[in-house]
Amino acid sequence: MSRVLLVEDDESLGRTLTERLRKERLEVHWAKTVAAAERAVAEDVWDLAVLDVRLPDGSGFGLARMIKRSSLTPIMFMTALNSAENRLEGFEIGADEYLPKPFHLKEFVLRVRHVLATERVPEIVRAQGREIDLRALSVTTAHGERAFLQVRDGRVLRLLISSAPDVVDRSVILDRVWGRDQFPTPRAVDNAIVRLRQALRDEDNSLIRSVRGVGYQWRGGES
Amino acid sequence: MTPAARRHRLHYTVATAWLVATVSLASWWLAIGLSLPERMHRMFVWEGAAFIGLLVAGGVAIVRAIRREHLRRQALETFFMSFTHDLKTSLASVGLQAENLREDWPAATDRAPLDRLLHDLVRLQIQLENSLFVAQPDGRLLREPIATGPAIARLAEDWPELIVNIRGSATVVADARAFDAVVRNVLQNAVVHGGAQCVDVTVEPAASGDRVRLTLADDGRGIEPEIFAGLGQPFGRGSRTSGTGVGLFVCSQLTTRMDGVLRFLRGGSAGRGLTVVLELPGAR
């Protein structure tokens, strides 16, 4: 069962959405403040964080940045702040969805399902004798050697695995993992891939294939 | 920087430049006056001092007025944003609860009051969005790729009883929020003021090649000839129903700001109703 962290300070709306997501057989934790959401993020792993932006003790944008720094959780904003500047900020942070209020229930559920389906990767992925634990951000080789991944490299790996067998463009990796409020060059992606190959002991590039002029492709399969 | 902020900075710059230029001119005039014979000199001192005093007072008053206006505008915007934020959250909450109720309602025939409630909520949402666009005529718009077919199909769900036939699809470059507002206003207009049952949407490349033409033809009552020419004008009422005309005015403004063209043609689907032609830049 997928686990959703819902951050919404409006009592009535939060209750309605929680009930609806539970009806959709999702496990939901409803936080009403940034502080409560930060505790939930620190204590648990979430498959999706649905965030309001204007919260009593801070901004959902700040919370999203914190979540992006510390975990692989995809983010969906659900807010009445719908100006160009707000939407731009949301996408710059690297949000997977930006749903302006008011919205239809059907649309909300569809978008939640879409993000969950796109980002859905098993916590443990086995590939050519290696075991990749995306929750613990670690890789264990066939010889039992264990290496740990950086959060950002973990996001890149998760994106490649969830997109397989498609090739993922470097610019898509930059947008989805770094977000548009940072200004890394495509070189940053290449460096992350080098670190991932080292951690995976993928000397012959059989797990992560480089596609010249485009990007990278995960070829490890998954289980 | 937003257009409003740019305009505000321009006002400040012009006011300051005016103040500096006039005070230095007056000072120069006074300096020349001091070098003149005694009688002339006294006259120049008094006249010059009064002149400089008036100029400084005028300049300071102008700068203060600009600043006060800026602060007032900021306070109004903050209030308006906060007010609409709360209103949108409440609307979302009421709408979702009504949709929940509607889904769980046992018999479809008894759902009419809920359908009416949802209808009115959509109307309120559109009015609120229109008022926000009117209040911020120079708010920033983004240029985003929008797949027109799926976007119109999603927006048409606001009117479940309306049949919307979409033929063709193309991606346009426009602001997603503004595009939604234009299409929702056109559909709302067709249903509420035209009494339309069906809207035929055709998406095709425009004659110029780099644009996409969306034609929305409804089978409603159409528009009376005497007010047809005023469609899209500020608060030009497009029917004898209770509309204010603000919806099509907002559509017209937004389309122009998105480098698009909005036209109205008499006669819609099956030779009746209204046809709205929307041309927007296409995505490469």
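Residues numbered from 1 in each chain as written. Chains lettered and ligands numbered in written order. Predicted model: local features only at pLDDT ≥ 70, side-chain atom pairs only at ≥ 80, totals over all residues.

**Brief notes about the overall build of chain A**
Thought 1: Broken down by element type, chain A carries eight helices and 14 strands.
Thought 2: Relative to the globule expectation of 17 Å for 223 residues, the C-alpha radius of gyration of chain A, 18 Å, shows essentially globular dimensions.
Thought 3: In terms of principal-axis extent, the alpha carbons of chain A reach across some 55 × 35 × 30 Å.
Thought 4: By the burial criterion, 42% of the 223 residues in chain A qualify as buried.
Thought 5: Considering only residue pairs separated by 6 or more positions, chain A has 56% of its internal contacts joining residues 24 or more positions apart. (Helix = DSSP H or I, 4+ residues; strand = E, 2+ residues; numbered from the N terminus. Rg over C-alpha atoms; globule rule 2.2 N^0.38 Å. Buried ≥ 20, exposed ≤ 12 C-beta atoms within 10 Å, placed from the backbone. Contact = placed C-beta atoms within 7 Å.)

**What to know about the nonpolar core**
Thought 1: V4, V7, A49, V50, L51, M76 and F77 of chain A are the most contacted members of the largest nonpolar core, which totals 39 residues.
Thought 2: Other than its neighbours up to four places away in sequence, M76 of chain A contacts L48, V50, A95, D96, E97, L99, R111, V112 and V115 of chain A.
Thought 3: In this structure, F133, V173, A217 and C251 of chain B belong to the second largest nonpolar core, which totals 38 residues. (Core = buried A, V, L, I, M, F, W, Y, C linked by C-beta atoms within 7 Å.)

**Comments concerning the domain arrangement of chain A**
How large an interface is tends to be reported as the accessible area lost when its parts come together.
Residues and elements named next belong to chain A.
Thought 1: One can read the domain layout of chain A as domain 1 (3-119) and domain 2 (124-218).
Thought 2: The distance between the C-alpha centroids of domain 1 and domain 2 comes to 26 Å.
Thought 3: On the domain 2 side, the residues contacting the 12 residues of domain 1 number 14 residues.
Thought 4: Elements that contribute at least two residues to the side of domain 1 that touches domain 2 include exactly helix 3 (60-70), helix 4 (84-93) and helix 5 (105-119).
Thought 5: Of the residues that constitute the side of domain 1 that touches domain 2, the class distribution is four nonpolar, four polar and four charged. (Domains from an automatic or database assignment. Nonpolar A, V, L, I, M, F, W, Y, C, P; charged D, E, K, R; others polar.)

**Some thoughts on the sheet that holds strand 1 (residues 3-7) of chain A**
All names here are of chain A.
Thought 1: Ordered by their spatial adjacency, five strands build an open sheet running 2-1-3-6-7, and the pairing between neighbours is parallel. The sheet is open, and its two borders are formed by strand 2 (27-31) and strand 7 (97-100), each paired with just one other strand. Across this sheet, the average inter-strand angle for adjacent strands is 15°, counted without regard to direction.
Thought 2: Across four bridges, strand 6 (residues 75-79) lies against strand 7 in parallel orientation. Looking across to strand 7, one finds that T79 is bridged to P100.
Thought 3: Strand contacts of helix 2 (residues 34-43): strand 1 and strand 2, with the helix running at about 140° to strand 2, the strand carrying the most contacts. (Pairing = 2+ DSSP bridges. Axes fitted to C-alpha atoms, helices over the stretch in contact; angles between N-to-C directions.)

**A short note on helix 7 (residues 170-178) of chain A**
Residues and elements named next belong to chain A.
Thought 1: Looking at helix 7, one finds that the buried residues are I173, L174, R176, V177 and W178.
Thought 2: Its buried side turned inward, helix 7 meets helix 6 (151-163), strand 12 (168-169), helix 8 (186-200) and strand 14 (215-218).
Thought 3: Note on helix 7: the residue one or two positions beyond its end, G179, has a positive phi of about 80°.

**Quick notes on the sheet that holds strand 2 (residues 163-167) of chain B**
Within a beta sheet, neighbouring strands are joined by backbone hydrogen bonds and run either parallel or antiparallel to one another.
All names here are of chain B.
Thought 1: The mixed open sheet is built from five strands, whose spatial order is 2-4-5-7-6. Here the strands that pair on one side only, and so sit at the sheet edges, are strand 2 and strand 6 (261-266). Shown here is a sheet whose adjacent strand axes are inclined to one another by a mean of 15°, direction ignored.
Thought 2: The sheet contact formed by strand 6 and strand 7 (residues 274-281) spans six bridges and is antiparallel. Considered in strand 7, the bridge of V261 is made with E279.
Thought 3: Contacting strand 2, strand 4 (198-205) and strand 5 (211-218), helix 4 (residues 148-156) crosses the sheet at an angle of about 180° to strand 2.

**Regarding the environment of T275 of chain B**
All names here are of chain B.
Thought 1: Mapped onto the elements of the fold, T275 is located in strand 7.
Thought 2: A tally of 19 C-beta atoms within 10 Å means that T275 is categorised as partly exposed.
Thought 3: Along the chain, T275 and L214 lie 61 residues apart, while their C-alpha atoms are 10 Å from each other.

**A word on the domain arrangement of chain B**
All names here are of chain B.
Thought 1: Assigned domains within chain B: domain 1 (1-139) and domain 2 (144-281).
Thought 2: Inter-centroid distance (C-alpha atoms) of domain 1 to domain 2 is 31 Å.
Thought 3: If you look at the interface, domain 1 gives eight residues, while domain 2 gives 10 residues.
Thought 4: Taken together, the residues of the side of domain 1 that touches domain 2 break down into five nonpolar, one polar and two charged.

**Considering the packing of helix 5 (residues 176-193) of chain B against helix 7 (residues 246-257) of chain B**
Residues and elements named next belong to chain B.
Thought 1: In the contact formed by helix 5 and helix 7, the axes pass within 9 Å of each other and the chain directions differ by 150°. In the crossing of helix 5 with helix 7, the sense of the turn from one axis to the other is left-handed. Between helix 5 and helix 7, the residues in contact are A178, A181, V182, N185, V186, Q188 and N189 and G247, L248, V250, C251, L254 and T255, respectively. (Left-handed = near helix turned anticlockwise from the far one by under 90°.)

**What to know about the interface of chain B and chain A**
Thought 1: In this assembly, 20 residues from chain B lie in contact with 21 residues from chain A.
Thought 2: Here the side of chain B that touches chain A gets 11 residues from one element, more than from any other, and that element is helix 2 (residues 38-104) of chain B.
Thought 3: Of the residues contributing to the side of chain B that touches chain A, the split by class is five nonpolar, eight polar and seven charged.

**With respect to helix 5 of chain B**
Residue and element names in this part refer to chain B.
Thought 1: Between the first and last C-alpha of helix 5 there are 25 Å, a value that for 18 residues agrees with the 26 Å anticipated at 1.5 Å per step.
Thought 2: For helix 5, the buried fraction is high: 17 of the 18 residues fall into the buried class.
Thought 3: Where helix 5 terminates, the next one or two residues include G195, which has phi positive at roughly 65°. (Expected span 1.5 Å × (residues − 1).)

**Brief notes about unusual backbone geometry**
Residues and elements named next belong to chain A.
Thought 1: The omega torsion of the bond from K101 to P102 falls at -5°, within 30 degrees of zero and hence cis.
Thought 2: Residue placement: P102 occurs in the loop between strand 7 and helix 5.
Thought 3: With omega at 10°, the peptide bond leading from A164 into P165 counts as cis.
Thought 4: If you check the backbone angles, R25 has positive phi at about 65° while not being a glycine.
Thought 5: Position of R25 relative to the elements: it lies in the loop between helix 1 (11-23) and strand 2.
Thought 6: A positive phi angle, close to 55°, is found at R201, a residue other than glycine.
Thought 7: Considering the arrangement of structural elements, one finds R201 in the loop between helix 8 and strand 13 (208-211).
Thought 8: Judged by the 17 C-beta atoms lying within 10 Å of it, R201 falls in the partly exposed class.

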